[in-house]
Amino acid sequence: MSATATERLSLRIAAKRMLTPDICEFDLRPADDRALPGFAPGAHINVDTPGGATRSYSLTNDPAEEHRYVIAVARDAAGRGGSVGMVDRTAVGDPLAVSAPSNAFALRPAKRYLLVAGGIGITPIRPMFHRLRADGADVRLVYLTRSAQETAYLDDFVRDPDAATVHHSADGRGRLDLWPFLAEPDDDTRVYCCGGRPLMDEVRALTMHWRPSVVHFEAFTGVDATDGTALPFRAVWEPTGATVDVPATGTLLDALRAQDIEVPSSCESGTCGTCRLRLLAGEPEHRDLVLTDAERGAFVIPCVSRAATDEPLHLAPTDG
């Protein structure tokens, strides 16, 4: 069974269980039990949710399991509906269309590893931890949640205190001080962090003195295309030659649509890849969480990414 990044695999929900009051695990399998496209720790798939939105979910099972993909979805009542639809409007046996796995958060060789996960951010970190432990690597996991009841896969880690630190902030201890883990920069250690924006911002601040190439982030809440660092830029839509002006306060996707250039989209937060466009010329400032390093010279995600220079981006549809 195979699929490209834009094609879909037809899977069914073989099992569904609540890991916590708000986090639901899905076991997804092909109807004929054929082997699925392989993946490595850190990979994710795009899922077409019941409401029609496409969302990205990290694969949290052992990559050696070729017969299934396992994801965990945090139900967010204040979100845009994708997670609520997955948790509330699906049942065992239902079909789901998913993409082949993609990985922009892959493990890279190192002498040591520090893995930092917050809440649902454990999903890509979990297979990393188990793979590194099985390989005998020097690895330390720091897993931060509010309480034991809200901790997905808790049993996986409390049984391994030599390598895993699990901290619950609601137990009267407050937030864990991460400085002791990050105070001394080490070019032989790779840091992998996944969690909510406050955790990501904290780890970024605490690793400012580290070499950037050894600190890796995976955000599951999407990214901001118009933060305080955004600048205006231009793009050229090659099929018509139209020049598109993108303001500092707007996205490339919105600017294209304002000129009646139709681009399909779903998450609009840089996590699903639905809106990807072909990059023909120009230097983009990639802000997405989808494209691999190999893809970044050929594609751009217009819902979040921008131009890195004064030269315009020259764009075309992916199938053009």
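Up top is the structure these notes are about.
The text that follows walks through the structure, step by step, so that each part is easy to find. Predicted model, so just to flag it, every value in this text is computed and none were measured. (Residues numbered from 1 in each chain as written. Predicted model: local features only at pLDDT ≥ 70, side-chain atom pairs only at ≥ 80, totals over all residues. Heavy atoms only, no water.)

**So, the overall build of the protein chain**
For the protein chain, the helix and strand inventory stands at 6 helices and 18 strands. By the compact-globule yardstick of 20 Å for 320 residues, the protein chain fits well, its C-alpha radius of gyration being 20 Å. Across the 320 residues that make up the protein chain, the buried fraction comes to 50%. Considering only intrachain contacts with a sequence separation of at least 6, the fraction spanning at least 24 residues in the protein chain is 64%. Element-wise, carbon and sulfur atoms account for 49% of the exposed surface of the protein chain, whose accessible area totals about 14500 Å². For the protein chain, the centre of its 33 positive side-chain charges and the centre of its 45 negative side-chain charges are spaced 3 Å apart. (Helix = DSSP H or I, 4+ residues; strand = E, 2+ residues; numbered from the N terminus. Rg over C-alpha atoms; globule rule 2.2 N^0.38 Å. Buried < 20%, exposed > 50% of the residue type's maximum accessible area, 1.4 Å probe, protein only. Contact = heavy atoms within 4.5 Å. Areas by Shrake-Rupley, 256 points an atom, 1.4 Å probe, with all protein chains shown as cover. Lys, Arg positive; Asp, Glu negative; His and termini not counted. Charge placed at Lys NZ, Arg CZ, Asp CG, Glu CD.)

**Remarks on the environment of Phe299**
Here Phe299 shows up in strand E16 (residues 299-300). Residues in contact with Phe299, not counting those within four places in the same chain, are Arg276, Leu277, Arg278, Leu279, His286, Leu291 and Thr318.

**Some details on unusual backbone geometry**
The phi dihedral of Tyr153 is positive, around 60°, even though this residue is not glycine. Inspection of the secondary structure puts Tyr153 in the loop between strand E8 (138-145) and helix H3 (154-158). Backbone geometry at Glu268 places phi at a positive 55°, although glycine is not the residue there. In this fold, Glu268 is placed in the loop between helix H6 (252-258) and strand E14 (277-281). Glu268 sits in the partly exposed class, given a relative accessible area of 35%.

**Quick notes on the pattern of salt bridges**
Taken as a whole and judged by the stated rule, the model has 20 salt bridges. With its nearest N and O atoms 2.9 Å apart, the salt bridge here joins Asp27 to Arg29. Judged by its relative accessible area of 23%, Arg29 is partly exposed. For Asp188, the salt bridge is made with Arg112, and the minimal N-O distance between the two is 3.8 Å. Residue Asp188 is found in the loop between helix H4 (179-182) and strand E10 (189-195), and its partner Arg112 is found in strand E7 (residues 112-118); the two are separated by 76 residues along the sequence. Connected via shared salt-bridge partners are Asp27, Arg29, Glu65 and Arg68. (Salt bridge = Lys/Arg side-chain N within 4 Å of Asp/Glu carboxyl O.)

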